[in-house]
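Okay, here's what each chain looks like letter by letter:
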Amino acid sequence: MKGSRITAVGHYQPARVLTNEDLAGMVDTSDEWITSRVGIRTRHIAGPDEPVDELAAHAAAKALAAAGRAPGDIDLVLVATSTAVDRSPNMAARVAARLGIPRPAAMDINVVCAGFTHALATADHTVRAGAASRALVIGADKMSDVTDWTDRTTCVLVGDGAGAAVVEAAEEPGVGPVLWGSMPEMGHAVRIEGEPARFAQEGQSVYRWATTRLPPLARQACERAGFAPEDLAAVVLHQANLRIIEPLAEKLGAVNAVVARDVSESGNTSAASIPLAFSKLVEQGAISTGDPVLLFGFGGNLSYAGQVVRCP
């Protein structure tokens, strides 16, 4: 069995930026109210002519270029998303068509905010089994499509974007064992449902779960990869809310790690949030090739998935 590693990452965000001041003109809120409760200052919002697969394709093209790979080198495309409008063709097939990837296995994975880390684990397992050699793993969501812009408790949270990783077979594994699971009986705590579909959540339930139940699980993900939290160079948690990210990172005990705080700029982009924040850390030079990085997603279905990866 071979291992796998991430050889490159890329990200994309729409050009339109929605500030807290903009939101204050739409609903009863303020910059102070938003930043004090969730730590978000801006978010990027896609236009009506920017579908999810377009966001995903932009991020994937950047990752491919950074890896020095052509579309024909890819034999597996996985897109983590919960905001696909159509049932078929799926987003993965549409991304493959946009990029000119000839005959890949193409699948969507819907685990909402934990989608990217689930998809990354799936790619790793597929490569280890010998069923694929090079994969594109993408997290992309257009949360603005499923948001009630009159509800100040949810509209202040969300943003749109995509992040991608090229995952390749490697003799020396660079993607650690995944720790994943869920609390399906608490699926009602985070929802995208109804007609039209709308995002809703029980904020206090999610906050308590994330800050109390997840730190030991994140430590277990480190242990499975053979790392102590203090060995980590970076921690990239799902960018849900700064008031969740900071206590979770502190309880994890990753005292020497850079903690991704992209939520302040990008808002909650669901499945896109981890690869988006990870790609930005790489682009900024905040972490170096080979550094151990914990990726840990959590959210809808009260699902979670995390693994330690080596920085490309």
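Whatever comes next refers back to the structure up there.
What counts, and at which threshold
- Here the residue numbering is sequential within each chain, running from 1 through the sequence in written order.
- With pLDDT at 70 or above as the cut-off, local features in this predicted model cover only qualifying residues; side-chain atom pairs require 80 or more to be listed or tallied, and sums for whole chains, interfaces and linings still use all residues.
- Only hydrogens and water are set aside when side-chain values are computed; all heavy atoms of the structure are taken into account.
- Secondary structure is summarised from DSSP: a helix means a run of H or I of at least four residues, a strand means a run of E of at least two, and numbering begins at the N terminus for each.
- Throughout, radius of gyration means the C-alpha value; the globule benchmark is 2.2 Å times the number of residues raised to the power 0.38.
- When checking whether two residues touch, look at their non-hydrogen atoms; a contact exists if any pair is within 4.5 Å.
- Here the accessible surface of atoms and residues is derived via Shrake-Rupley with a 1.4 Å probe, and residues count as covered only by protein chains that are part of the display.
- Charge counting follows a simple rule: Lys and Arg are positive, Asp and Glu are negative, and His as well as the terminal groups are ignored.
- The atom standing in for a charge is NZ when the residue is Lys, CZ when it is Arg, CG when it is Asp and CD when it is Glu.
- For the purposes of these results, a polar contact is taken to be a pair of N or O atoms within 3.5 Å, where, inside protein, one atom must be able to donate a hydrogen and its partner to accept one; residues adjacent in sequence count only when each atom of the pair is a side-chain atom.
- One requirement defines pairing of two strands: DSSP has to find at least two bridges between them.
- To get an axis, fit a line to the C-alpha atoms, keeping to the stretch in contact for a helix; angles then go from 0 to 180 degrees between the N-to-C directions.
- Any two of the Phe, Tyr and Trp rings considered here, Trp counted by its six-membered ring, make a pair once their centres fall within 6.5 Å; the pair's planes then place it as stacked at under 30 degrees, edge-to-face at over 60, or tilted in between.
- Only protein chains enter the accessibility calculation, which uses a 1.4 Å probe; a residue is then buried when its area is under 20% of its type maximum, exposed when over 50%, and partly exposed in between.
- Note on terminology: a nonpolar core comprises buried Ala, Val, Leu, Ile, Met, Phe, Trp, Tyr and Cys residues joined through side-chain atoms within 4.5 Å.
- To estimate the expected span of a helix, count its residues, drop one, and scale the result by 1.5 Å.
- Salt bridges are identified by distance alone: a Lys or Arg side-chain nitrogen within 4 Å of an Asp or Glu carboxyl oxygen.

### Thoughts on the overall build of the protein
Reasoning step 1: When you go through the protein residue by residue, the secondary structure sums to 11 helices and 14 strands.
Reasoning step 2: Whereas a compact globule of 312 residues would reach a radius of gyration of roughly 20 Å, the protein reaches 18 Å, a difference of no more than 12%.
Reasoning step 3: By its C-alpha atoms, the protein is 55 × 45 × 40 Å across when sized along the principal axes.
Reasoning step 4: Across the protein, contacts joining residues at least 24 apart in sequence account for 76% of those joining residues at least 6 apart.
Reasoning step 5: Total accessible area computed for the protein in this model is approximately 12200 Å², and 48% of it derives from carbon and sulfur atoms.
Reasoning step 6: Averaging the coordinates of the 27 positive side-chain charges in the protein and doing the same for the 35 negative ones gives two points 3 Å apart.

### Focus on the side chain of N268
Reasoning step 1: Residue position: N268 is located in the loop between α10 (263-266) and α11 (273-284).
Reasoning step 2: At a separation of 2.9 Å, a polar atom in the side chain of N268 contacts the main-chain amide nitrogen of S270.
Reasoning step 3: If near-sequence neighbours (up to four positions away) are discounted, N268 is found in contact with I40, C113, M143, L157, V158, G159, H238, Q239, A240 and V263.

### Thoughts on the sheet that holds strand β11 (residues 234-237)
Reasoning step 1: Taken together, five strands build an open sheet; the order of strands is β8-β14-β13-β11-β12 and the sheet is mixed. The sheet terminates laterally at β8 (179-182) and β12 (258-259), the two strands that pair on one side only.
Reasoning step 2: Note: β8 against strand β14 (residues 303-310), four bridges, orientation antiparallel. What sits directly across from G181, in β14, is Y304.
Reasoning step 3: Lying on the sheet, helix α8 (residues 214-224) is in contact with β8, β13 (292-299) and β14; it crosses β13 at an angle near 140 degrees.

### Considerations on the packing of aromatic side chains
Reasoning step 1: The full count for this structure, using the stated rule, is two aromatic pairs.
Reasoning step 2: Pairing W209 with F298 gives two aromatic rings, centres 6.4 Å apart and planes at 70 degrees, and the pair type is edge-to-face. With W209 in helix α7 (residues 203-212) and F298 in strand β13, this residue pair connects regions lying 89 residues apart in the sequence.
Reasoning step 3: Assessed through its relative accessible area of 1%, F298 is described here as buried.
Reasoning step 4: When the centroid spacing of 6.4 Å and the interplanar angle of 10 degrees are considered together, the rings of F296 and Y304 count as stacked.

### With respect to the nonpolar core
Reasoning step 1: Membership of the largest hydrophobic core comes to 47 residues, with the highest contact counts inside it found for L214, L232, L294, F296 and F298.
Reasoning step 2: Of all the secondary structure elements, the ones that give two or more residues to this core are α2 (31-38), α7, α8, β11, α9 (242-252), β13 and β14.
Reasoning step 3: For this core, the element with the highest residue contribution is α9, accounting for six residues.
Reasoning step 4: With 32 residues, the next largest nonpolar core counts V111, A233, A271 and C311 among its residues.

### Some thoughts on the environment of H118
Reasoning step 1: Secondary-structure assignment places H118 in helix α5 (residues 115-128).
Reasoning step 2: Here the alpha-carbon distance between H118 and R152, two residues 34 residues apart in the chain, equals 30 Å.
Reasoning step 3: Residues in contact with H118, not counting those within four places in the same chain, are I109, V111, W180, S303, Y304 and A305.

### Notes on the sheet that holds strand β5 (residues 105-109)
Reasoning step 1: Spatially, the five strands line up as an open sheet ordered β1-β7-β6-β4-β5, and their pairing is mixed. A single partner strand is all that each edge strand has here, and the edge strands are β1 (3-12) and β5. On average, adjacent strands in this sheet sit at an angle of 20 degrees to one another, irrespective of strand direction.
Reasoning step 2: When strand β4 (residues 76-80) meets β5, the two strands line up parallel, connected through five bridges.

### Focus on α11
The periodicity of an α-helix, 3.6 residues per turn, causes residues three or four places apart in sequence to face the same way.
Reasoning step 1: Taking 1.5 Å per residue, 12 residues should reach 16 Å; α11 reaches 16 Å between its end C-alpha atoms and fits that length.
Reasoning step 2: Summarising burial for α11: nine of the 12 residues are buried, a large majority.
Reasoning step 3: Those residues of α11 that sit buried are S273, I274, P275, L276, A277, F278, S279, K280 and L281.
Reasoning step 4: Remark: G285 follows α11 within two positions and exhibits a positive phi of approximately 75 degrees.

### Regarding helix α3 (residues 52-67)
Reasoning step 1: Counted at 1.5 Å a residue, the expected span for α3 with its 16 residues is 22 Å, and the 23 Å between its end C-alpha atoms agrees.
Reasoning step 2: Within α3, burial applies to V52, D53, E54, L55, A56, A57, A59, A60, A63 and L64.
Reasoning step 3: On its buried side, α3 packs onto β1, α4 (91-99), β6 (134-142) and β7 (160-170).
Reasoning step 4: Of the residues one or two after α3, G68 is the one with positive phi, at around 70 degrees.

### Focus on the pattern of salt bridges
Reasoning step 1: Considering all chains together, one arrives at 12 salt bridges under this definition.
Reasoning step 2: A salt bridge links K280 to D262; its shortest N-O distance comes to 2.8 Å. Separated by 18 residues along the polypeptide, K280 in helix α11 and D262 in the loop between β12 and α10 bring together distant segments of the chain. Here K280 and D262 have matching classes, each one buried.
Reasoning step 3: Note that E265 and K280 form a salt bridge whose closest N and O atoms lie 3.1 Å from each other.

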